[in-house]
Each structure stands twice: as C-alpha cells, then as structure tokens.
Amino acid sequence: MSEYRNRILSLFKILYEQTDENNKLKEKDITALLEQQGLKCDRRSFYDDRDALIATGVDIKKDGGYYIASRDFNLSEIKFLVDYIASSETLTIRQSENLKDKLLSLLSLSQREILNNQFYMNNNIKNSFDTDIMSVINELVHAIHNQKQINFRYRKNNTNKLYVFSPYALVSNNQRYYVIGYNHYAKEIYNLKVEKINELKITNNKAAPIGEVSDYDDVLDVADYLIKTYNMYSGVPAKVKLRFKGIIYDEIKKHFENVKIKDLPKKMEDKFIEAEIEASVSDGFISFMLSMRDNIKIIEPEWVVEKIKNQAKMISDMYN
C-alpha cells in the first residue's frame, strides 16, 4: 500500500509540474521518471494510477502525450494576479516575491518559467515597513466578521500612535490596502493603510454599530463610501458645478455619483458638457481635477474654484 501511495502521488507530481497543453509526456517517459525515483510501474499499473487520478477530478488528457488539461487557475489568470501583486504598494518586496512564488506553483514548470521571465516589480514603490501583513489582514477579517472592536498601533510621521477602532471593511484602492472603521478617539470614520498597522489585538468589546456613527443604516455601503471619499481622503461634502469635455465623461462617472447633466450630446468627445456632481472636496479631489488638465473646469462654488487656483499657483510658483 505504501509503494502504491508513493507511486500515484509521484505520478500526479510529474504530470502537474511537467505537463500542460504545450508540454506533454508519453507513457514511456512517465514510467522512466517514476523508475528514476525507485518506483516500479508497468503498463497496467500506469493505467490504474491514471484512472484513479481522473476519478478524483484530475483533468488528465491524451493528445500526442499525457498532460494536465485544466487547473484551478490558468496561465492568464495567474499572470493577472502576479502583476497586481507586483504593483501593490502595500506589500514589501519579500512579501510580493513570496506570494508570486505561491501562485506560480499552481502552474507547470514551463508556465512558471514563462511568467518568471515576464515578471517586473518596481521596488521603489514597495512598502518598507517590516509588518506581517497577512497576519494583520487575517485578524482584521475575523474582527470585521465577528463585529469586534480592535486596538492597534499605527505608524505615521515617526510616531506609533495607539488606536481604538471598530473595523467595517477591508478595501483595495490605487494599489494600496485600507481598513475602514470608526476611530473611537477622534469619533470619526477613518481610512487607514493596513501596512502601517502593528500590535493589533481583537478585544471582547462589540464594534460600534455603523448606524450610530455614520449616515449608513445597518452596514457600510463600501462602493458609495469610496465614491464620496475619493482617493481615500476625508473632505467637505459639496455640490460642484463643472464643465468638462466629453472625452473624460467615463472618468467623471467612475469617480462621482449622481452626475446630473441637462443635455448629453450624441457625439460628445470634443464638446464641453455642463454637469453637477456630489463630491467630497479634499486633496484627492483637487489632484484629480488638476490631472484632467484643460479638459475640465470648476464653475462653482467659488471656494472650490479658489482651492483649485491656489493649488495650481503653488505648482506654477515652484517651477518659476
């Protein structure tokens, strides 16, 4: 029984690591690899082991040779995931490499080599804090699920400040990972970067109900919240009137809710459109407006116009 178990596990490992739709092994090649490991395998044994693996759900196909035809993740899906990991500013270089290697282990050796050769990571954007991110995320997930209050320290401006916090959601935004929750000291909803959290402890205290500390009823509407606090900054709620070129219409819709437009032209790419939006006026809001260059102009309220002017002047003065 021990030899049979070792043989069938070795067969699975050979097929999983060395085969895919572009790399196949003939029966004689597989039996030779098994024999190199000291495992005897005649034709009947091979067929029995192959059928046993298929019966457990392993997708083994034969087309000029045997190969694993499908996996939990295919090459393109793993490519997408490892590229996202590479661009994450929350993870350190080491954490990104470890996660990448775990994901690549789901592919064949040939596929791993392909993606390793195409893997690029900008080390300059990576988090430098030596924090066990996955442990922090694990604790936050359980605290949110069990509706528990948490205590932790948060690194900011050379300090490591203590927080008492009721967490409501974990979200990814602009290559960073945030926890949204109620800060019991400041008595406000905060967005905090997960990589700066350390010494986290889940308490026995119940988290503050979201309906008692915000305008939401029973649960946090994450999509609504992120739109209102664009770029993860708190700001002053305002109704803003603006004119913008139709070419950036999709960007406006993506970042702001309740975009009210009187007349939407059919061919609008080069035409200016007047609209009213509900926005949280913050540093992130100002930066977004300036990033749209001459494709957008704030009309009112005047205090928002002044903020835009002042920021643009500061940039211009710096270069002059």
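Above this text you will find the structure in question.
The rules behind each value
- The written sequence of each chain sets the order in which its residues are numbered from 1.
- Only residues with pLDDT of 70 or above have their local features reported here, since the model is predicted, and side-chain atom pairs are shown and tallied only from 80 upward, although totals for entire chains, interfaces and linings are computed over all residues.
- Only hydrogens and water are set aside when side-chain values are computed; all heavy atoms of the structure are taken into account.
- Between the rings of Phe, Tyr and Trp (Trp by its six-membered ring), a pair exists once the centres lie within 6.5 Å; its type follows the angle of the planes, with under 30 degrees stacked, over 60 edge-to-face, and the other angles tilted.
- Strands are runs of DSSP state E lasting at least 2 residues, helices are runs of H or I lasting at least 4, and numbering of each runs from the N terminus.
- Think of it in three bands: residues with accessible area under 20% of the maximum for their type are buried, residues over 50% are exposed, and the middle band is partly exposed, with areas taken using a 1.4 Å probe on protein chains only.
- Two thresholds decide whether a charge sits over a ring: the Lys NZ or Arg CZ must be within 6 Å of the ring centre and within 35 degrees of the ring normal.
- Working definition of a nonpolar core: buried Ala, Val, Leu, Ile, Met, Phe, Trp, Tyr and Cys residues. They are joined through side-chain atoms within 4.5 Å.
- Every residue pair with non-hydrogen atoms within 4.5 Å of one another is taken to be in contact.
- Note on pairing: DSSP must find at least two bridges between two strands before they are called paired.
- Working convention: axes come from line fits to C-alpha atoms, limited for helices to the stretch in contact. Angles between N-to-C directions cover 0 to 180 degrees.
- Just so you know how the angles are binned, under 35 degrees is roughly parallel, over 145 roughly antiparallel, 65 to 115 roughly perpendicular, and the rest oblique.
- If you view the pair so one helix is near and one far, a crossing is left-handed when the near helix is turned anticlockwise from the far one by less than a right angle, and right-handed when it is turned clockwise.

S.K.: A description of the packing of aromatic side chains should follow, citing residues and the corresponding values.
M.R.: This structure, assessed with the given rule, holds eight aromatic pairs. Between Phe-152 and Phe-165, the ring centres sit 5.5 Å apart and the planes meet at 65°, which makes this aromatic pair edge-to-face. Taken together, the residues span a long stretch of sequence, with Phe-152 in strand S3 (residues 148-156) and Phe-165 in strand S4 (residues 159-173) at a distance of 13 residues. An identical accessibility class is assigned to Phe-152 and Phe-165; each is buried. For the pair Tyr-163 and Tyr-190, a centre-to-centre distance of 6.3 Å together with 65° between the ring planes defines the contact as edge-to-face. In this pair, Tyr-163 is assigned in strand S4 and Tyr-190 in strand S6 (residues 188-193), connecting sequence segments 27 residues apart. A connected cluster of aromatic rings, assembled from ring pairs, spans Phe-152, Tyr-154, Tyr-163, Phe-165 and Tyr-190. Directly above the ring of Phe-272 sits Arg-243, whose terminal nitrogen or CZ lies 4.8 Å from the centroid.

S.K.: Explain the nonpolar core to me, and be specific about the residues and the numbers.
M.R.: Ranked by size, the top nonpolar core spans 26 residues in total, and within it Leu-140, Phe-152 and Ile-197 carry the most contacts. The dominant element in this core, judged by the number of residues it contributes, is helix H7 (residues 133-146), at five residues. Here Leu-140 is in contact with Ile-150, Leu-170, Val-179, Val-194, Ile-197 and Leu-200, once residues within four sequence places are set aside. Among the nonpolar cores identified, the runner-up in size contains 23 residues, and Phe-244, Ala-279, Phe-285 and Ile-296 belong to it.

S.K.: Residue-level account of the sheet that holds strand S7 (residues 197-206), with values.
M.R.: With respect to topology, five strands assemble into an open sheet ordered S6-S5-S4-S3-S7, the strand pairing being antiparallel. Looking at which strands have only one partner, the edges of the open sheet turn out to be S6 and S7. Each strand of the sheet is rotated relative to its neighbour by a mean of 45°, with strand direction disregarded. Sheet topology note: the S4/strand S5 (residues 176-183) ladder contains eight bridges and is antiparallel. Bridging from a neighbouring strand, Ser-166 pairs with Tyr-182 of S5.

S.K.: Tell me about the packing of helix H1 (residues 2-18) against helix H3 (residues 43-55), and name the residues and values.
M.R.: The geometry of H1 relative to H3 is characterised by a closest axis approach of 10 Å and an angle of 70° between their N-to-C directions. By the angle class used here, H1 and H3 are roughly perpendicular. Where H1 crosses over H3, the handedness of that crossing is right-handed. Across the interface between the two elements, Tyr-4, Arg-7, Ile-8, Leu-11 and Phe-12 of H1 pack against Ser-45, Phe-46, Asp-49, Arg-50, Ala-52 and Leu-53 of H3.

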